[in-house]
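A structural walkthrough
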Amino acid sequence: MGLDPETDTPRANPWAPVQYFSNTQAPRLPRGLAQPEGANVLLTQVNKLLDWGRSASLWPATFGLACCAIEMMSASASRWDISRFGAEVFRASPRQADLMIVAGRLSVKMAPVLRRIYDQMPEPKWVISMGACASCGGVFNNYAIIQGVDKIVPVDIYVPGCPPPPDMLLQGLTMLQEKIRDHIPNPPDPLAFAESRYLGSED
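Rules of the game
- Residues numbered from 1 in each chain as written.
- Predicted model: local features only at pLDDT ≥ 70, side-chain atom pairs only at ≥ 80, totals over all residues.
- Heavy atoms only, no water.
- Helix = DSSP H or I, 4+ residues; strand = E, 2+ residues; numbered from the N terminus.
- Expected span 1.5 Å × (residues − 1).
- Buried < 20%, exposed > 50% of the residue type's maximum accessible area, 1.4 Å probe, protein only.
- Contact = heavy atoms within 4.5 Å.
- Phe/Tyr/Trp six-rings, centres within 6.5 Å; stacked < 30°, edge-to-face > 60°.
- Lys NZ or Arg CZ within 6 Å of the ring centre and 35° of its normal.

This part is about helix H5 (residues 166–181). For an α-helix, the turn length of 3.6 residues means that residues three or four places apart are oriented alike. When the terminal C-alpha atoms of H5 are compared, their 23 Å separation across 16 residues agrees well with the 22 Å that a helix rising 1.5 Å per residue should span. Among all positions of H5, only Pro166, Leu169, Leu170, Gly172, Leu173, Leu176, Gln177, Lys179 and Ile180 are buried. On its buried face, H5 sits against helix H1 (46–55), helix H2 (68–75), strand E2 (99–103), strand E3 (126–130) and strand E4 (157–159). Phi for His183, located one or two positions after H5, is positive at around 60°.

This is the structure we're talking about:
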């Protein structure tokens, strides 16, 4: 017969649960009891409230380049369920997205398209480099593949792997949410001080 953890006495029913609510869940007030006055007052700063809202409602742009995109799609399926983190609304238009997940290798021919989509995204915006090919070129060390998308757009979070599983993408997403909540600025734009935009740009 088990012991009651509160009174250290044998429990009448050994099959009863040890505790009736989670350690992270506040217990409900018994019926008939009201909250004391002033318990519904919240003090915070406006920028912290905005950062909290932005981190909890990221809208990724639909931008898959190679096999990492399959893992990105799997992260939105029911097994990993990226909607738990508020990032399930993949947008087909960059003007409605604030997160770009570069999933896969970036070719020289695709680089201006990537940059144009990034420029069309409204501020504030963030970038996750998903996989070894997007982060450093991976196994494609040749003239046709950009050796890291951070040469084209500023990258906030790097997710390693070839390809990284969906849970690693979720880990990178939570790290980005912590970065947004801590109000850490974006890295500098690699093309901010360039004389002209990258290949094929109209600027």
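This brings us to unusual backbone geometry. With an omega of -5°, the peptide bond between Glu123 and Pro124 qualifies as cis. Residue position: Pro124 is located in the loop between helix H3 (111–120) and E3. The residue Asp81 is not glycine, and still its phi comes out positive at about 55°. Inspection of the secondary structure assignment puts Asp81 in the loop between H2 and E2. On the accessibility criterion, Asp81 (27% relative accessible area) is partly exposed. Unlike most non-glycine residues, His183 shows phi in positive territory, near 60°. Mapped onto the fold, His183 is located in the segment after H5.

So, on to the packing of aromatic side chains. For the structure shown, the criterion picks out zero aromatic pairs. Just above the ring of Tyr118 sits the side chain of Lys125; from NZ or CZ to the centre is 4.1 Å.

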